[in-house]
Amino acid sequence: MKRKKSSYKSGLFAEWLARQYLRLHGYGILESRYVTGRYTGRAEIDIIARYKDSIVFIEVKNRPDAAAGIHAVAFSQGARLRRAAETYLARRRWTGDARFDIMVVSGWRVDWFKNAV
């Protein structure tokens, strides 16, 4: 009998695959699983990457299809991600461009939605 992977392990695989995909497209990975402080509305940003003069904050979802992945990022989660990103940018005194992307992993397929949050 074949066992199903846990959602935690599936999530780790999805993040790993997303990082590889980003590297293949010329992105440098700055952080993985970045967590803001305990008292700042705690949020985790799955991947923070740099491409040319931009920092990109990426939420990775492991879902059966792209539509389910997009709908999985709720408005409240987007607000927490924005606060976490603002904290990250302030700590690094970043003055360049920044954006939020969503990457949906379905098996070995990666769908990438830029400027999605």
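Residues numbered from 1 in each chain as written. Predicted model: local features only at pLDDT ≥ 70, side-chain atom pairs only at ≥ 80, totals over all residues. Heavy atoms only, no water.

Caption draft 1: Molecular detail of the sheet that holds strand 4 (residues 97-106). What the five strands build is an open sheet, ordered 1-2-3-4-5; its pairing is mixed. What marks the edges here is a single partner per strand, and that holds for strand 1 (28-35) and strand 5 (109-113). Sheet twist, expressed as the average angle between the axes of neighbouring strands with direction ignored, equals 25 degrees. Taken together, the five bridges between strand 2 (residues 44-51) and strand 3 (residues 54-62) define a ladder with antiparallel strand orientation. Residue pairing in the sheet places I47 in a bridge with I58 of strand 3. (Pairing = 2+ DSSP bridges. Helix = DSSP H or I, 4+ residues; strand = E, 2+ residues; numbered from the N terminus. Axes fitted to C-alpha atoms, helices over the stretch in contact; angles between N-to-C directions.)

Caption draft 2: Representation of the packing of aromatic side chains. One pass over the structure, following the stated rule, counts eight aromatic pairs. Between the aromatic rings of Y34 and Y88, the centroid separation amounts to 5.1 Å while the plane-to-plane angle is 85 degrees, which identifies the pairing as edge-to-face. On the criterion of sequence distance, the pair formed by Y34 in strand 1 and Y88 in helix 3 (residues 75-92) is long-range, its members being 54 residues apart. Residue classification places Y34 among the buried residues on the basis of a relative accessible area of 7%. Residue classification places Y88 among the buried residues on the basis of a relative accessible area of 3%. Every member of this aromatic cluster is reached through a ring pair, and the members are Y21, Y27, Y51 and W112. In this structure, K114 is placed above the aromatic ring of W112, and the distance from its NZ or CZ to the ring centre is 4.5 Å. (Phe/Tyr/Trp six-rings, centres within 6.5 Å; stacked < 30°, edge-to-face > 60°. Buried < 20%, exposed > 50% of the residue type's maximum accessible area, 1.4 Å probe, protein only. Lys NZ or Arg CZ within 6 Å of the ring centre and 35° of its normal.)

Caption draft 3: Summary view of the pairing of strand 4. Within strand 4, eight of the 10 residues are buried, which leaves the element mostly enclosed by the surrounding structure. Looking at chain direction, strand 3 and strand 4 are connected through nine bridges and run parallel. By the bridge assignment, V60 is partnered in strand 4 with M103. Pairing between strand 4 and strand 5: five bridges, direction antiparallel. Residue pairing for strand 5: M103 is matched across the bridge by W112. Taking the residues that link successive antiparallel strands as the turn, the strand 4-strand 5 hairpin has two residues, and the phi of G107 there is positive, at about 70 degrees.

Read these as spatial facts, not as claims about activity.
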